[in-house]
Amino acid sequence: FLCSRSRLCSARDLFATPTPQSFQVGINIIEAQKLVGVNINPFVVVKVGEEKRHTATQKSTNCPFYNEYFLFEFHEPRDILFHRLIEISVFHSKKIPFLGTCIGTFKMDVVTVYSQPDHRFFQKWAVISDPMDTRAGVKGFVKCNISVTARGEVVGSLPTSSSSQDEDIERNLLLPKRVPAERPWARVCIKLYRAEGLPSMSAGIMGGFSKIIGEKKVFIDPYVQVSFCGQQGETSVETNTTDPEWNEQISFIEMFPPLARKIKVQVLDDANVGDVAIATHYIDLQQISDSGRNGFNPTFGPAWVNLYGSPQNSALRDVHKDLNEGMGEGIFYRGRILMAITVEIFSSPSQPGEVTVEVEELHPLPENALGRKEEFLLFAAFFEATMMDSSLSSKPVSFEVSIGNYGKAEEVVTKVWRKMEKGEVKEEKQPLLDPGSDGELDVEVLAPASAALNKSVTNSQRPEPMEYDRSYSCLPMMHEKPCVYVWSYWEDHTWRLCISNWIVKLAERLEQGLDDVEKLMRRPKAKAEERLREVLEEFVAGCRQYLLSTERKTMAHPNNLDRCRMKYLMRNIILYAKQGLRMRRRLTRANVKEKVKETRRVLTKLRFMAKEPQCTLPDVLIWMLSNNRRVAYARVPAQNILYSVVEEEKGKDCAKIQTVFMKVPRLHTGEIFAKLEVYMWLGVTKYAKNCLAELPEEFKYLSESGQEIAQLSAYSPPSRLSRDDFSYFQLRAHLYQARGILPADDNGLSDPFARVVFSTYCQTTRMLEETLSPMWNELLLFDQLIVDGKKEELKTETPIIIINLFSHNKFGSPEFLGHAFAVPQVKLVDEPYTKPALQFFDFYKGTKAVGELIATFELMELDYSGYLEDVEPKEPDYLGDPHAGRFIIPEGIRPVLKEFRIEILFWGLRDLKRVNLFEVDQPQVIIECAGKKVESEVIVAYKENPNFTELVKYMDVDLPEQVYLHPPLSIFVVEKRAFGRTVLVGTHVVSDVMKFSPRELEEDPEDVPK
């Protein structure tokens, strides 16, 4: 069973722009052997991306020795670096320096190196071949080490090398696993048929001029540039059109399998000043081929590829220009392109003499080769918009939902010149939403009836501050939920997405099960092994069901890749089902951990398999407009909300209330800008009457004018949903403790407090000073809440709770330390009350896990008098001073504490590094556990005597009885410097204190020596 509303957002999704990282590519050229040529003076040129370095020249030898090391530094997002090529070429030096003739080259992309164990090749021989003379075979070998390291990664130790003279070159070639040593040449053909819906660029002066004359603004001369393995080719330029037809094929010649994974397809606009990228798309060869024994060569299409990029249309002042170059995820649809890829492998006599890029004419595809266009309806209802950044508080906010070019509202307020009655020219501003403005709506002209029917932007509302804590704002949507609907026309290839959805659901279920098992593994005596057995059984059953259903599946207009993928999926699902059975048979209590790891590996492969390379429907984009400016967006893949009659093939979020996090373009922090709850449905119009079937019953459907709609037809979805009767809930958030959180201050500690956000409410815990494991022990009570959705589904579709962790700043705003997501336990009126157990939740900041939270959350329905019947305790106790109005976690949920004594034997300090360029001279050790501290004496002169004189100290602490709830023990080394400043030298955290307890006290430990 899959949840949409409470699916925990993976940290990766919150990044609008990939963060630049620091990488080093190190290449050590050791020697070369068997170079072809008579009396040559060889030197080696190494090129990574755009940077070039070269070795010294060795005089007249065919086996030169260099041992030179080159380091290339990059600071850019991971994806961009991974597409770069590494080229190693050998030149023969002539009389004039650096005008050498090329003996041969070797190419490989960075990602191939990075995916090796330890991210490197060690002492391998690169095969050098001449691209100008392919029939000549191997031109020599270069022995090298290549490594790619990201900043902060631990580098493994190098194996010791045995460089014997008669070392076997053929066995140690510089190739990834399972790539044969003899690689044949192949021709890779990329066929480009046509494109449609490209954005029209209006460039500067001409743009304004064309408006006055009143012609369409189409200033775009598109052509396509394809680059692969360091070679690139271009189609011809089509002038003045946004729907160009090229019908050309670009063919590359490269060894097969190639050592580069991506083909880059870029649509550019041919301009006088410089060509501007309109959009870029990468095709991953791993997704369109299968290197297994019964595999298939790369093949693709003919199929439409959707392009995404920046929202701006003019090349001047476009801040998001790099999105069109393919850096980061696109935030706007920019048309689509029809293309295909084929690969033919040469047998040796027939291969061409040299490597060239050829561009040839193609026959156009026949009409309807991909099927007729069908009409699709996209329906969305907004249930909640909260946790909005408080910067939006004064301006009205609305939402725009679009799919492809359908539903886009142009936000440029254009100048429309009209002759007025009095004969003067008056300039009036007019938004482009009014269908009456002359042909300005969009380049794509639809049947006028349906264009007028679309309602893609909600009415704007002013945000209000959230209740209790006013640091965020929300939109008032309690009584009326705004809806939007957009009709669009696409070829109906939804069967591809249906198959993909089936596998996605297999993977999601498996992942949810594994998360359960891992939670159980954190506790002693929990039944992790039995749960894993169930999870594997479910998985195997799901595989069987998939295999039965796909045998009956018909494909409409399948191409070669579809047929190959179908067999490939069948084969692999059978394989994984067998692996699942084998793991279940061999599962014992002792090896649960490694079996979970094995299952995770299967999960990764499933996720990769589920990606459909030929996805015809573009993603749905939700934009938040504040004062008609675009501020934040969310991209929802179409397949997630696609409707199908078969339950398993439906998108995982179709017709469900799902939680969507909005993000700001070009923001690296990974903080959430706003949180939406949206109900979405996408499907062919013939199923349109199902689009409201899953909505809760108590809603009345209202039309645009506010009348209630009695009879729903497919062509008039409601504009608003309204309701009057509510059921009320109470939320109890028991926050016990956080551990291992980030230090915010210079002394290596933080002053943490947490904000708990649920629906339109937000409350804050107290702030604790100077700790990395704050023990709040606090209950936050949210009363009289209204929760949307069907009551019977609340158990599985529970709204999500977000816990934001901050460190208090005396001056300025608090510092963000990370967020955690939690799902509450739901109790309805007629169910008995059970006390919840404390659980663990991980804090994330960006993609890094930064500590964990021990807490539990309950959501309880109130009866009509607004009173909780059988819940213990009815009135919670106060925490400390009753006037502060803070509550303590009730007994039975709060852990029982016992007193322990921790004894510490201080010995000495060694190997202290410099801090801020100064030597450490007077260090001191502080040990903290469960809010108590012990300080050692200060060592007076660390240089002369690094040992302590006062050896034994102890502290008495209260620890919970359950060992898994024990707080960590932190050790800090600090130094007091001039003017009373304290500098942190270093810290260490002991996560498990109990490993220092005496053996006989394991069951009932009393004191803990250290």
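Residues numbered from 1 in each chain as written. Predicted model: local features only at pLDDT ≥ 70, side-chain atom pairs only at ≥ 80, totals over all residues. Heavy atoms only, no water.

A.B. asks: Could you give me a rundown of the environment of Pro799, with the residues and numbers involved?
C.D. replies: By secondary structure assignment, the location of Pro799 is in the loop between strand E35 (778-786) and strand E36 (801-807). By relative accessible area, Pro799 is classed as buried at 5%. On a C-alpha basis, the gap between Pro799 and Val823 in space is 7.1 Å, while along the polypeptide they are 24 residues apart. (Helix = DSSP H or I, 4+ residues; strand = E, 2+ residues; numbered from the N terminus. Buried < 20%, exposed > 50% of the residue type's maximum accessible area, 1.4 Å probe, protein only.)

A.B. asks: Account for the environment of Leu828, naming residues and giving values.
C.D. replies: Relative to the helices and strands, Leu828 is located in the loop between strand E38 (825-827) and strand E39 (839-845). Judged by relative accessible area, which is 12%, Leu828 ranks as buried. Separated by 36 residues in sequence, Leu828 and Glu792 have C-alpha atoms that sit 8.9 Å apart. Here Leu828 is in contact with Phe729, Lys791 and Glu861, once residues within four sequence places are set aside. (Contact = heavy atoms within 4.5 Å.)

A.B. asks: Run through a positive patch on the surface, naming residues and quoting values.
C.D. replies: On the surface, Lys578, Arg582, Arg585 and Arg586 cluster together to form a positively charged patch. Look at Arg582 and you get partly exposed, because its relative accessible area is 36%. (Patch = residues over 30% accessible without salt bridge, like charges linked within 9 Å, V, L, I, M, F, W, Y side chains within 5 Å. Areas by Shrake-Rupley, 256 points an atom, 1.4 Å probe, with all protein chains shown as cover. Salt bridge = Lys/Arg side-chain N within 4 Å of Asp/Glu carboxyl O. Lys, Arg positive; Asp, Glu negative; His and termini not counted. Charge placed at Lys NZ, Arg CZ, Asp CG, Glu CD.)

A.B. asks: Just give me the short version of helix H9 (residues 592-610), but keep the residues and values in it.
C.D. replies: Taking 1.5 Å as the rise per residue, H9 with 19 residues should run 27 Å; its terminal C-alpha atoms sit 27 Å apart, in good agreement. Looking at H9, one finds that the buried residues are Val592, Lys595, Val596, Thr599, Val602, Leu603, Leu606, Met609 and Ala610. Buried positions in H9, seen along its axis, are confined to an arc of 125 degrees and lie on one side of it. For H9, the exposed residues lying more than 90 degrees away from the buried face are Lys593, Lys597, Arg601 and Thr604. Buried residues along H9 sit against helix H6 (494-521), helix H7 (528-551) and helix H8 (560-585). (Expected span 1.5 Å × (residues − 1). Arc of directions from axis to C-beta.)

A.B. asks: Outline the packing of aromatic side chains, supporting the account with residue identities and numerical values.
C.D. replies: The way to describe two aromatic rings as a pair is by their centre distance and the angle between their planes. Going through the model one piece at a time under the given rule, you end up with 27 aromatic pairs. Between Phe82 and Tyr114, the ring centres sit 4.9 Å apart and the planes meet at 40 degrees, which makes this aromatic pair tilted. Of this pair, Phe82 sits in helix H1 (residues 78-82) while Tyr114 is found in helix H2 (residues 110-114), placing the two residues 32 residues apart along the sequence. For Phe82, a relative accessible area of 10% gives the class buried. For Tyr114, a relative accessible area of 11% corresponds to the buried category. Summarising the aromatic geometry, the rings of Tyr333 and Trp490 are spaced 6.4 Å apart at their centres and angled 80 degrees between planes, so their arrangement reads as edge-to-face. You can see Tyr333 sitting in strand E16 (residues 332-345) and its partner Trp490 sitting in strand E25 (residues 480-491), a full 157 residues away along the chain. The buried category is assigned to Trp490, whose relative accessible area is 2%. (Phe/Tyr/Trp six-rings, centres within 6.5 Å; stacked < 30°, edge-to-face > 60°.)

Read these as layout, nothing more, since geometry by itself doesn't imply function.
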